[in-house]
Amino acid sequence: MTDPIRIGLLGAGWITRAHGHALHTLNHVTPLHRPIELAALAARTPDRGLAMARDLGIEKFTTDWREVVDDPDIDVIAVLLGETAHLEATQATLALGKPVLCEKPLGRDRFEAAALLEAARRAGVRAAVGFNYRYMPAMRLAREIVDSGRLGRCLQFRAVYLQDHAAGTSPSRKPNASRAITDYCHIIDFMRYLGNEAEAVQATAAKLTGADVGVDLEDAYVAAVELRGGGIASLEASRVAWGWKGRQVVEFNGTAGSLWWDMEDLNRLHVFYPGDEADGTGGFRDILVSQPDHPFMDMWWPPGHTVGWEHSFAHEWRDFLTAVIEDQPLPVEQASFEDGYQAALMCDAVITAATEKRRVTLDEMAATVTVSDVPA
Amino acid sequence: MTVARQLGIGMVGAGTMAGAHSLALSMLAPLYPDLPLRPRLVAVADVNDRLAARLVERYGYARVEPDWRALVDAQDVDLVVTCLPPAYNREVVLGAAAAGKHVVSEKPLATDAAAGAELLAACQAAGVFHGLGAAYRWMPALRAIRELIDRGELGEMRSFRATFLLDYAADPDVPLLWRFQKRLAGGGIAIDTGYHLADTARYLVGEIETVQGLTAIAYPERPLPGADAIGNRGAGSADSTGAVAMGAVDVEDAAAAIVTFENGAYGVLETSRVTRGRRVAMEVEVSGTVGSARWDLERGNEFQVCLPSDEATLGYRRVLVNAQHPGAAELLVGGADGTSVGWIGQVCAMWAEFLTAIHEGRGAHADFEDGVRDSAVIDALYASAASGVRTSVMIPTLGAARAVTA
């Protein structure tokens, strides 16, 4: 019998349930060359951690994540802790030469992300960031269409991520409280995923609810972005937009066509080709991404049967663990620590632009960071 | 500059649709400045003088006539529009034709196909123009779908599905208007909005051969209406709180049918006035051997079409109506892509076509023969619902069409 690949999960928040579900699913749906074993779980809070371990069928539980990282039986670590703990746990994992999948954002800021990028390069092992939306079938199809050149060069990119979970009671300003810019860094990753790099950014951010409204630990932000290559982009995120639950809309307007996607209708991709207009039938094509030839769909159901949000995690883990097991590089579509670092540079640029009320270049952000040139 | 000839319009019936036609006629000159024949609003007749007076005042008709006979006989009335319960249509249309007046009838043309055939024959014998108010045929989005079908872009027709769902009668307090009485309406929702489905099915796919239907009554009794009640909900009816006399509903609130077409396609039709949440929801979809198209009245200014494509990006396209679509340019008063044609636009387009046809001495794109054929489909639906048996559509013998005297 083939030796299983043993995963250690750090953290017991809701995202751990998503990853655990995906890892279980893979064994049933598309077995890898080594069976996946959820071997150990670490969480600071015993009650919550034990319950999560029980739910996911994990036998080993500890309140000390170092025990899991150091355990010689554990092959791969999933860092699913709060972002304040990403640096230490991920560095410790890489120092032991173990592959790691770290949830987004890679670090609290560009300095932490740079340190982790450097650690990953030194370790020379597979290291990925949990930008799971790259693994939604519709968004992968979007990437394929953009890469094919059918939409031409990007003129405009825009993305919004709107939710209302904090509209009633916004989190108060605590040292560890999350901020919208980094929390919603998925839209920054989407911008890059569809081939766009930022040159410079201007932004406004604000804490909009609760007694302590102000500029730090923002509930919402808007950013205007100059893209390398001449295009422009807009980014907006909010956790106080009543009525929106998961409105993550991504749109790409190229010289030869457009596409858009909405997470609230996530199996569909909308694509416009101007050539369709010649005979009066031009319009966004409403593509139900469910055909066997569509990305990832061959591992699921017959055509027309849709997948959910959670499937992105299964796709992400399949690529990551396949690379680990087969000793192959990560697929270029998967978010590497380089991608995590680039997202952190962009987050810091947005924060700096909003705080200092000025145009900030990405080069300026990068100039204050050192990443040693270690071969990957 | 040549002054366009004028055609005197006489309106019989002063309810909701009379208002819609009056508004559309008022808008024609600015929308269609080159129209060779222009409407002049002359007279209104209704058994309810107050409703007639209101229509005259609102749309600038010259006068109220005391009854339909006076209106039909008036020298300055050239075309008679009937917006009446179907049972009252007969004598007015026959009277207008006998007086040599052109006629436009709201749908349904008559209480059944045989009654409709009598009206068609009378108009043909008199050589007058006869137009049917099947206005959805003039929705630019539906016309665009028809064009795709005519060009063969969807291939051979395979199937048609359509619903026309409303909820105005979901409230049991909506009074017993003429629409709830067989004596006046000839039927219930099938002969009302089901008529549009039959007409649209024929417009897009072809003639219907057989019908398997069913009908259902949701509320067998309703309060009696007040004197001025008009519209679907009886606006203007007396307040119905307190003790109210009730009357029996003898026609269906919902109907459904499976139909077959002469060309081998089949269709599924459903209409109801008691579907909560559906306001005026007409949805149509046609599927051919290589493509499909669909349309939704609640988003009336767009249609969707699925045409052959590479598999990865195959999908329905949402097409916004623009100036390149048939009949749309005149109605897009914003003059730009991205503006919209509203519900009244189709009525304007219908009238523009009717007036042009009269000027050119030809028949209408939707005429009384269409009314007879639409009625025959509904007749078959009722017969099938009563017998439980699939029923052939029986078209009464129709006379040969004759040229219309302009």
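Structure's up top.
Only a predicted model underlies this, so the values are computations on that prediction, with no experimental measurement involved.

## A look at the pairing of strand β4 (residues 79-82) of chain B
Residue and element names in this part refer to chain B.
(1) Moving on: With burial as the criterion, each face of β4 is covered, one bearing Leu-79 and Val-81 and the other bearing Val-80 and Thr-82.
(2) Moving on: With four bridges joining them, strand β1 (residues 5-12) and β4 adopt parallel strand pairing. Residue pairing for β4: Ile-9 is matched across the bridge by Leu-79.
(3) Moving on: Handedness of the crossover is the feature at issue here: the chain leaves β4, passes through helix α4 (residues 86-98), returns alongside strand β5 (residues 102-106), and the resulting connection is right-handed.

## A word on the sheet that holds strand β2 (residues 36-42) of chain A
Residue and element names in this part refer to chain A.
(1) Moving on: If you walk across this open sheet you meet the six strands as β3-β2-β1-β4-β5-β6, and the pairing is parallel. Lying at the two open borders of the sheet, with one neighbouring strand each, are β3 (60-62) and β6 (127-129). With strand direction ignored, the average angle separating the axes of adjacent strands in the sheet is 20 degrees.
(2) Moving on: Pairing of strand β4 (residues 76-79) with strand β5 (residues 100-102) involves three bridges; the strand directions are parallel. What sits directly across from Ile-77, in β5, is Val-100.
(3) Moving on: In this fold helix α4 (residues 86-95) packs onto β1 (5-10), β4, β5 and β6, with an angle of close to 170 degrees to the strand it touches most, β5.

## A short note on the packing of helix α8 (residues 186-193) of chain A against helix α10 (residues 337-356) of chain A
Residues and elements named next belong to chain A.
(1) Moving on: Running from N to C, α8 and α10 point in directions that differ by 120 degrees, and their axes come no closer than 10 Å. Judged by the sense of rotation from one axis to the other, the crossing of α8 with α10 is right-handed. In contact with Ile-188, Asp-189 and Arg-192 of α8, α10 contributes Asp-339, Gln-342, Ala-343, Met-346 and Cys-347.

## Focus on the interface of chain B and chain A
(1) Moving on: Every contact between the two is made by 15 residues of chain B and, on the other side, 15 residues of chain A.
(2) Moving on: Here the side of chain B that touches chain A gets five residues from one element, more than from any other, and that element is strand β16 (residues 316-320) of chain B.
(3) Moving on: Its residues assigned to classes, the side of chain B that touches chain A comprises eight nonpolar, four polar and three charged.
(4) Moving on: Summarising the sheet, strand β14 (residues 284-288) of chain A and β16(B) pair through three bridges and their orientation is antiparallel. Its bridge partner lying in β16(B), A:Arg285 is registered against B:Arg317.

## A look at unusual backbone geometry
(1) Moving on: With an omega of -10 degrees, the peptide bond between A:Lys104 and A:Pro105 qualifies as cis.
(2) Moving on: Mapped onto the elements of the fold, A:Pro105 is located in the loop between β5 and α5 (110-123).
(3) Moving on: The linkage connecting B:Lys107 with the following residue, B:Pro108, adopts the cis geometry, with an omega of -10 degrees.
(4) Moving on: Following the sequence through the fold, B:Pro108 ends up in the loop between β5 and α5 (113-126).
(5) Moving on: The phi dihedral of A:Asp327 is positive, around 55 degrees, even though this residue is not glycine.
(6) Moving on: With respect to the element layout, A:Asp327 can be found in the loop between α9 (311-326) and α10.
(7) Moving on: Residue class for A:Asp327 comes out exposed when judged on the 8 C-beta atoms lying within 10 Å of it.
(8) Moving on: Of note in the backbone geometry, A:Lys357 takes a positive phi value of approximately 50 degrees without being a glycine.
(9) Moving on: In this fold, A:Lys357 is placed in the loop between α10 and β15 (360-361).
(10) Moving on: The class for A:Lys357 is exposed, based on 11 C-beta atoms found within 10 Å.

## Looking at the sheet that holds β5(B)
(1) Moving on: Ordered by their spatial adjacency, six strands build an open sheet running β3-β2-β1-β4-β5-β6 (chain B), and the pairing between neighbours is parallel. Of all the strands in the sheet, the pair left with one neighbour each is β3 (63-64) and β6 (130-133) of chain B.

## A word on the nonpolar core
(1) Moving on: In this structure, B:Val44, B:Val80, B:Ile145, B:Trp351 and B:Leu381 are the most contacted members of the largest nonpolar core, which totals 136 residues.
(2) Moving on: Broken down by element, this core gets its largest block of residues, 10 residues, from helix α9 (residues 343-360) of chain B.
(3) Moving on: Leaving out residues up to four positions away in the same chain, B:Ile145 has contacts with B:Leu204, B:Val286, B:Ala293, B:Trp295 and B:Phe303.
(4) Moving on: Formed by 119 residues, the second largest nonpolar core is a distinct cluster that contains A:Ile7, A:Leu10, A:Ile58 and A:Trp317.

Cut-offs used in this document
Residues numbered from 1 in each chain as written. Chains lettered and ligands numbered in written order. Predicted model: local features only at pLDDT ≥ 70, side-chain atom pairs only at ≥ 80, totals over all residues. Buried ≥ 20, exposed ≤ 12 C-beta atoms within 10 Å, placed from the backbone. Helix = DSSP H or I, 4+ residues; strand = E, 2+ residues; numbered from the N terminus. Pairing = 2+ DSSP bridges. Right-handed = clockwise from strand over helix to strand, strands pointing away. Axes fitted to C-alpha atoms, helices over the stretch in contact; angles between N-to-C directions. Contact = placed C-beta atoms within 7 Å. Left-handed = near helix turned anticlockwise from the far one by under 90°. Nonpolar A, V, L, I, M, F, W, Y, C, P; charged D, E, K, R; others polar. Core = buried A, V, L, I, M, F, W, Y, C linked by C-beta atoms within 7 Å.

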